[in-house]
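Spelled out, the chains give:
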Amino acid sequence: MRRRAFFGAVCGALALPRLAAAAESAKKKRLAIFVPSEPSADWHELSGKRYPRALFAELRRLGQIEGQNLKVESYGREQNTSGLEALATEIVSSNPDVILLGGPGALIFKKLTSRIPIVTITADPVRLGIAESLARPGGNFTGASIDAGPSIHGKRIALLREIFPSISKLGLLALHIQYSGLVKGSPIPAAAQEAGLPIAVSLLDVGAQENDWRAAVESLSGEGANAVMVVDSPETFQNSALIAKLLTDARLPAIFAFTESVEAGGLMAYSFDLVELYKRAANNIDAIFRGAKAGDIPFYQVTKFDLSINLKTARQLGLSVSPALSASADKVIE
């Protein structure tokens, strides 16, 4: 009896660390990050990219620390081998506590779950049908809207026209999923029509390769576009340098949605601040972890945009930047 008791005590003692580890793991909240256009390896606290660093730094400030009380699972370009819907299905099946969408795909997730809270940085969530209103979304989505209304597209066209008054046909470089795929329609053609400009459209898929981007730019030129709007998406962000080079080589003045695109050689951008948006996303995630319902958290709508201009690219394109436009820019790259 004493021998059985002794071995029972030993086995119990050996099991304690495993039980403690299991209990500790059970306490961790699970965050799934959907970034199909980007390397999942970039999504950590020491990332070389500013906005993932901002997300994790804000989560840490709020007490949500990866490896302690938070488990993060990133689903990026490496995992996106069978298409967006398959990747989204895998994420939903894993049943995380919160999903962060870092790219197009809100409507895919809407089809897959009405239960898991989702934080997203998106276009107009009301027009997409994932929120009843910005102030009270009402479903399982919250986050930030980068769409300040149709006027933002008109503003970008006006800025492009100011630096290139000879614009006669506007090319649009965008993703199928955001322009004519899952999202029904786009307000950009209406803005172009209001500006008196016909449009040419080249649409790409998530995961497009260099040859695809090259063909898209050639298609715009072939259709007579003599200036381009690069529609914001993680895919265009990831390929900023390539797109800027292709457009400059094709002698097409272009406006982007990211300052980083101008730093990579693009002509100009009228952009929102991704760092600010991911900090806000971190606050939404923390609130949900602490018991708030996603549908009760208002969507933040971007109100501040920065103008950046690359003077070197302007010179390469034979364009002159007026002193007034240069003075109004938040960032000028010489």
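A brief structural summary.

Conventions we followed
- Residues numbered from 1 in each chain as written.
- Predicted model: local features only at pLDDT ≥ 70, side-chain atom pairs only at ≥ 80, totals over all residues.
- Heavy atoms only, no water.
- Helix = DSSP H or I, 4+ residues; strand = E, 2+ residues; numbered from the N terminus.
- Buried < 20%, exposed > 50% of the residue type's maximum accessible area, 1.4 Å probe, protein only.
- Contact = heavy atoms within 4.5 Å.
- Axes fitted to C-alpha atoms, helices over the stretch in contact; angles between N-to-C directions.
- Left-handed = near helix turned anticlockwise from the far one by under 90°.
- Nonpolar A, V, L, I, M, F, W, Y, C, P; charged D, E, K, R; others polar.
- 1 Å grid on protein atoms, 1.4 Å probe; cavity = no way out; pocket = protein on both sides within 12 Å on 5 of 7 lines; lining within 4 Å.
- Points joined across faces, edges and corners; volume = space filled by probe spheres on them.
- Pairing = 2+ DSSP bridges.
- Expected span 1.5 Å × (residues − 1).
- Arc of directions from axis to C-beta.
- Phe/Tyr/Trp six-rings, centres within 6.5 Å; stacked < 30°, edge-to-face > 60°.
- Lys NZ or Arg CZ within 6 Å of the ring centre and 35° of its normal.
- Core = buried A, V, L, I, M, F, W, Y, C linked by side-chain atoms within 4.5 Å.

The next point concerns the overall build of the chain. Scanning the chain from terminus to terminus reveals 15 helices and 13 strands. C-alpha extents for the chain along the principal axes are approximately 95 × 40 × 35 Å. Across the 334 residues of the chain, 51% fall into the buried class. Long-range pairs, those at least 24 residues apart, make up 68% of the contacts in the chain between residues at least 6 apart in sequence.

Moving on, we come to the packing of helix α9 (residues 210-222) against helix α11 (residues 240-249). Interhelical geometry of α9 versus α11 gives an angle of 35 degrees and a closest axis separation of 10 Å. Considering how the two elements wind past one another, α9 and α11 form a crossing that is right-handed. Mapping the contact onto sequence places Glu 210, Trp 213, Arg 214 and Val 217 in α9 and Leu 242, Ile 243, Leu 246 and Leu 247 in α11. Its residues placed into classes, the contact of α9 with α11 shows six nonpolar, no polar and two charged.

Quick look at empty space enclosed by the protein now. Taken as a whole and assessed by the stated rule, the structure comprises four cavities of 30 Å³ or more. Put simply, the largest cavity is a space of about 610 Å³. What lines the largest cavity is a set of 39 residues, and nearest its centre among them are Thr 122, Ala 123, Ile 146, Gln 178 and Asp 232. For the lining of the largest cavity, the secondary structure elements donating two or more residues are α4 (106-112), β4 (118-122), α5 (125-128), α6 (151-163), α7 (176-179), α10 (234-238) and α13 (274-289). For the lining of the largest cavity, a count of residues per class yields 24 nonpolar, ten polar and five charged.

A few words on the sheet that holds strand β11 (residues 300-301). Through backbone hydrogen bonds, the strands of a sheet pair up, either in parallel or in antiparallel fashion. Read from one edge to the other, the open sheet built from six strands follows the order β2-β1-β3-β4-β5-β11, with strand pairing classed as parallel. Among the strands making up the open sheet, the edge pair consists of β2 (70-75) and β11. The strands that helix α3 (residues 84-93) touches are β1 (29-34), β2 and β3 (98-101); relative to β1, the one it contacts most, it runs at about 175 degrees.

Let us look at unusual backbone geometry. A positive phi angle, near 55 degrees, is found at Asn 95, a position not held by glycine. With a relative accessible area of 40%, Asn 95 lands in the partly exposed category. Unusually for a residue other than glycine, Arg 251 sits at a positive phi of about 60 degrees. Along the chain, Arg 251 turns up in the loop between α11 and β9 (254-256).

Space inside the largest pocket adds up to approximately 170 Å³. At three residues, the largest contribution of residues to the lining of the largest pocket is made by helix α12 (residues 259-263). Among the residues making up the lining of the largest pocket, the classes are represented as three nonpolar, two polar and six charged.

On to α9. The end-to-end C-alpha distance of α9 is 18 Å, a good match for the 18 Å that 13 residues give at a rise of 1.5 Å each. Those residues of α9 that fall on the buried side of the exposure criterion are Trp 213, Ala 216, Val 217 and Leu 220. The buried residues of α9 occupy an angular sector of 95 degrees when the element is viewed end-on, so they sit on one face. Turned more than 90 degrees away from the buried face of α9 sit Asn 211, Glu 218 and Gly 222, all of them exposed. The inward-facing, buried residues of α9 abut β6 (170-175), β7 (199-204), β8 (227-230), α10 and α11. Gly 224 sits one or two residues past α9 and shows a positive phi near 95 degrees.

Evaluated as defined, the whole model comprises nine aromatic pairs. Taking the centre distance of 5.4 Å and the plane angle of 25 degrees together, the rings of Tyr 51 and Tyr 278 count as stacked. Taken together, the residues Tyr 51 in helix α2 (residues 50-61) and Tyr 278 in helix α13 connect sequence positions 227 residues apart. Using a relative accessible area of 4% as the deciding quantity, one classes Tyr 278 as buried. A centroid spacing of 5.0 Å and a plane angle of 85 degrees characterise the contact between Phe 237 and Phe 258, whose relative ring orientation is edge-to-face. With Phe 237 in helix α10 and Phe 258 in the loop between β9 and α12, this residue pair connects regions lying 21 residues apart in the sequence. Both residues of the pair, Phe 237 and Phe 258, belong to the buried class. Within the aromatic cluster, the residues linked to one another by ring pairs are Trp 43, Tyr 51, Phe 237, Phe 258, Tyr 270, Phe 272, Tyr 278 and Phe 305. Positioned over the ring face of Tyr 270 is Lys 155, at 5.8 Å from the centre of the ring.

Let us look at the nonpolar core. One finds Leu 31 and Leu 55 to be the most contacted residues of the largest nonpolar core, which totals 63 residues. Sorting elements by how many residues they give to this core places α13 first, with eight residues. Not counting chain neighbours up to four residues away, the residues in contact with Leu 55 comprise Ile 33, Trp 43, Leu 100, Tyr 278, Ala 281, Ala 282 and Ile 285. Ranked by size, the runner-up nonpolar core spans 43 residues in total, among them Ile 91, Phe 109, Ile 177 and Leu 252.

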